[in-house]
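Given next are the chains, with one letter for each unit.
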Amino acid sequence: MRSGLKPVHVIGGGLAGAEAAWQIARAGVPVVLHEMRPLRRTEAHATDRLAELVCSNSFRSDDRETNAVGLLHAELRRCGSLILRAADAHRVPAGSALAVDREGFAQAVTDALAGEPLVEIVREEIAGLPPADWDNVIVATGPLTSTALAGAVRSLTGQDALAFFDAIAPIVYRETIDFSKAWFQSRYDKTGPGGGDGADYVNCPLDRPQYEGFVAALLAGDKTEFKEWEASTPYFEGCLPIEVMAGRGMETLRFGPMKPVGLTDPRTGHRPHAVVQLRQDNALGTLFNIVGFQTKLKHAEQKRIFRTIPGLEGAEFARLGGVHRNTFLNSPRLLDSTLRLKAEPRLRFAGQITGVEGYVESAAIGLLAGRFAAADRAGPAASAPPPTTALGALLAHVTGGADAKSFQPMNCNFGLFPPLAETAPKKLRGDDRRRRMSARALADLDAWLGPRDAAAD
């Protein structure tokens with residue numbers, strides 16, 4: 001480690017922690033990355049790799065012009081993000097989305113950090129608050145923060161952490177899909193900026209009786225029982241279990257993950273009543289995850305019910321769905337504008353624990369936390385990105401833009417951005433407005449980064 005500078009400590013080797021450590025090291029500051037796996041496992045992780053993806057393999061839309069998440073991708077690339085670099089290197093076909101081979105992605109992140117001279121990876125659990133002589137710490141323990149650490153933070157702040165449940169979608173082996181009933185097609189045959197041929201998803205069609213029978217089976221299926229203290233914990237609306245959506249009405253799934261728009265069954269030449277889509281999950285194309293099928297059904301029920309879907313009657317599952325408890329802070333009340341805990345500023349938080357939702361959003365907050373921590377250690381003082389950027393809008397939301405009384409996890413979306421200064425006679429709407437906001441964001445980001453700091457996009 002470079003002499004003269006004490007290391008920054010990063011607790012947690014998920015997407016946020018990995019990105020934070022990378023940014024600190026790239027700024028010339030030594031960093032110790034503490035990851036408890038494999039010494040202590042979690043209910044969601046399966047390996048000891050850093051940045052392991054436990055839910056979907058999708059980073060969602062890569063459209064930087066009209067989608068806020070795609071814009072966030074572009075901004076992270078320009079900031080030299082390790083997470084986006086690894087995602088781009090291990091992307092798999094997914095239409096206009098950025099999806100990755102999860103094993104190759106996690107290995108790339110792990111190898112990059114292990115090969116960085118200023119990064120020391122220590123496999124240990126930090127139970128409770130870190131030692132007092134650690135004067136610059138990033139807590140990026142994610143949605144599965146240990147009970148000991150969460151309890152220590154609650155004691156320190158006097159505020160209860162909020163919690164919700166996140167659900168994992170099942171994965172099937174491609175060779176067990178019946179392609180006499182299923183077919184490959186993206187909605188409207190749309191290709192993505194990273195490739196694909198407009199046929200990136202497997203589609204399983206359902207007619208009305210099949211769909212209604214499927215919904216009934218979801219509602220009647222045997223589900224995981226929660227402990228009494230967990231019963232009042234809310235789900236995040238952007239990642240609801242499919243059976244919870246089904247319980248909101250017979251047509252809910254047809255307007256959600258099972259919507260048939262933009263798809264044509266080649267056997268009939270018509271749009272089906274409903275469609276189940278599967279997305280490629282690894283580079284070999286041997287695994288496909290069922291899109292939007294996060295679930296708390298018991299494993300035996302998942303096999304029974306999902307095998308009623310046309311094309312999946314003989315499906316074999318590489319992974320079944322599950323539910324895990326997620327924890328996040330009331331960040332607008334507890335954190336300052338650079339993600340430091342107001343009650344103890346040596347502690348900075350990053351990732352999903354701050355109340356952002358999604359892989360890319362977690363990495364984004366990790367990137368900012370890393371840059372802030374490096375600046376605290378070595379200078380010069382760091383400024384926050386402009387609120388007109390995706391990075392700045394997300395940061396502003398979790399550090400004060402959201403109402404602390406009703407704070408809930410949030411994805412990146414254009415509703416977080418300041419409105420455009422309208423100069424045209426006719427107010428811009430829809431995609432025209434989003435394109436203008438994206439162009440403004442990238443221009444403002446480049447000005448914030450400066451010519452020496454901006455990475456190629």
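Residues numbered from 1 in each chain as written. Predicted model: local features only at pLDDT ≥ 70, side-chain atom pairs only at ≥ 80, totals over all residues. Heavy atoms only, no water.

Looking at this model, I keep getting lost on the overall build of the chain. Mind explaining?
Of the regular secondary structure elements, the chain holds 12 helices and 17 strands. Here the C-alpha radius of gyration of the chain, 22 Å, is about what a compact globule of 457 residues would show, namely 23 Å. Considering only C-alpha atoms, the chain reaches an extent of 70 × 55 × 45 Å along its principal axes. Looking at the chain as a whole, 58% of its 457 residues are labelled buried. With an accessible surface of roughly 18,600 Å², the chain has 51% of that area assigned to carbon and sulfur atoms. (Helix = DSSP H or I, 4+ residues; strand = E, 2+ residues; numbered from the N terminus. Rg over C-alpha atoms; globule rule 2.2 N^0.38 Å. Buried < 20%, exposed > 50% of the residue type's maximum accessible area, 1.4 Å probe, protein only. Areas by Shrake-Rupley, 256 points an atom, 1.4 Å probe, with all protein chains shown as cover.)

Can you walk me through the pattern of salt bridges in this structure?
When charged atoms on two side chains of opposite charge get close, those side chains can pair. Inspection of the entire model under this criterion finds 23 salt bridges. Salt bridges sharing partners connect three or more residues here, namely Asp 62, Arg 77, Asp 88 and Arg 91. (Salt bridge = Lys/Arg side-chain N within 4 Å of Asp/Glu carboxyl O.)

Which parts of the structure should I look at to understand the pairing of strand β1 (residues 8–11)?
Side-chain positions along a regular strand alternate between the two faces of the sheet. Of the two faces of β1, the one holding Val 8 and Val 10 and the one holding His 9 and Ile 11 are both buried throughout. Here β1 runs beside strand β2 (residues 31–35); their pairing, made up of 4 bridges, is parallel. In the sheet register, Val 10 faces β2, and the bridge partner there is Leu 33. Following the chain from β1 across helix α1 (residues 15–26) to the adjacent parallel β2, one finds a crossover that is right-handed. Pairing geometry for β1 and strand β7 (residues 137–139), over 3 bridges, is parallel. (Pairing = 2+ DSSP bridges. Right-handed = clockwise from strand over helix to strand, strands pointing away.)

What's the story with the side chain of Asp 101 in this structure? I'm lost.
Inspection of the secondary structure puts Asp 101 in the loop between β5 (97–100) and α4 (102–114). A distance of 3.1 Å separates a polar side-chain atom of Asp 101 from the backbone nitrogen of Glu 103. With residues up to four places along the chain from it excluded, the contact list for Asp 101 reads His 90, Val 92, Asp 281, Asn 282 and Ala 283. (Polar contact = N/O pair within 3.5 Å; in protein donor to acceptor, adjacent residues only side chain to side chain. Contact = heavy atoms within 4.5 Å.)

In this structure, what is going on with unusual backbone geometry? I would like to understand it.
Residues apart from glycine generally show negative phi values, whereas peptide bonds are mostly found in trans. Of the consecutive residues Gly 379 and Pro 380, the connecting peptide bond is found in the cis state with omega at -10°. Residue placement: Pro 380 occurs in the loop between α10 (359–378) and α11 (390–401). Even without being a glycine, Arg 60 presents a positive backbone phi close to 70°. Along the chain, Arg 60 turns up in strand β3 (residues 58–61). Residue Arg 60 is classed as partly exposed on the basis of its relative accessible area, which comes to 26%.

Please clarify how the sheet that holds strand β11 (residues 201–206) should be interpreted in this entry.
Two pairing modes exist for strands in a sheet, parallel and antiparallel, and in both the strands are linked by backbone hydrogen bonds. The strand order β10-β11-β12-β13-β9-β14 describes an open sheet built from 6 strands, whose pairing is antiparallel. At either margin of the open sheet sits one strand with a lone partner, and together these are β10 (183–184) and β14 (317–319). Along the sheet, helix α6 (residues 208–220) contacts β11 and β12 (274–280); its crossing angle with β11, the most-contacted strand, is approximately 100°. (Axes fitted to C-alpha atoms, helices over the stretch in contact; angles between N-to-C directions.)

Mind showing me how you'd approach the sheet that holds strand β4 (residues 91–92) here?
Strand order in the open sheet formed by 3 strands is β3-β5-β4, and the pairing between neighbours is antiparallel. Every interior strand has two partners, whereas the edge strands, β3 and β4, have only one. Where β4 and β5 come together, 2 bridges link them in antiparallel fashion. Within the sheet, the bridge partner assigned to Arg 91 lies in β5 and is Val 100. Contacting β3, β4 and β5, helix α3 (residues 82–89) runs over the sheet at an angle of about 85° to β5.

I tried to follow the packing of helix α2 (residues 68–78) against α10 on my own but got confused; where do I start?
Each pair of packed helices can be summarised by the angle the axes make with each other and by the distance between the axes. Look at α2 against α10: their axes get within 10 Å of each other, and the N-to-C directions meet at 35°. Once α2 is placed against α10, the crossing between them reads as left-handed. Residue-level contacts link Val 69, Leu 72, His 73 and Leu 76 of α2 to Val 360, Glu 361, Ala 364 and Leu 367 of α10. A class-by-class count of the residues in the contact of α2 with α10 yields 6 nonpolar, 1 polar and 1 charged. (Left-handed = near helix turned anticlockwise from the far one by under 90°. Nonpolar A, V, L, I, M, F, W, Y, C, P; charged D, E, K, R; others polar.)

I would appreciate a short explanation of the nonpolar core in the present structure.
Taken as a class, soluble globular proteins show a tendency for nonpolar side chains to be buried jointly. Judged by nonpolar contacts, the single largest core of 94 residues is most densely connected at Phe 59, Ile 83, Phe 105, Leu 113 and Phe 417. Per element, the largest residue contribution to this core is 11 residues, and it comes from α10. Non-local contacts of Phe 59, meaning those with residues more than four positions away in its chain, are made with Leu 15, Leu 53, Val 69, His 73, Ile 83, Ala 87, Leu 98, Val 100, Phe 105, Tyr 359 and Val 360. In this structure, Val 172, Met 245, Leu 297 and Leu 312 belong to the second largest nonpolar core, which totals 33 residues. (Core = buried A, V, L, I, M, F, W, Y, C linked by side-chain atoms within 4.5 Å.)

Which parts of the structure should I look at to understand the state of the cysteines?
What makes a disulfide is a covalent bond joining the sulfur atoms belonging to two cysteines. Taken as a whole and judged by the stated rule, the model has 0 disulfides. In this model Cys 79 remains outside any disulfide bridge; the closest cysteine sulfur is found in Cys 412, 13 Å from its own. (Disulfide = S-S within 2.5 Å.)

In this structure, what is going on with the environment of Leu 347? I would like to understand it.
Within the secondary structure, Leu 347 sits in strand β17 (residues 344–349). Counting along the chain gives 210 residues from Leu 347 to Val 137, while the straight-line C-alpha distance between them is 5.0 Å. Leave out the neighbours within four places in its chain, and Leu 347 touches Leu 129, Pro 130, Val 137, Leu 156, Leu 339, Arg 340 and Leu 341.

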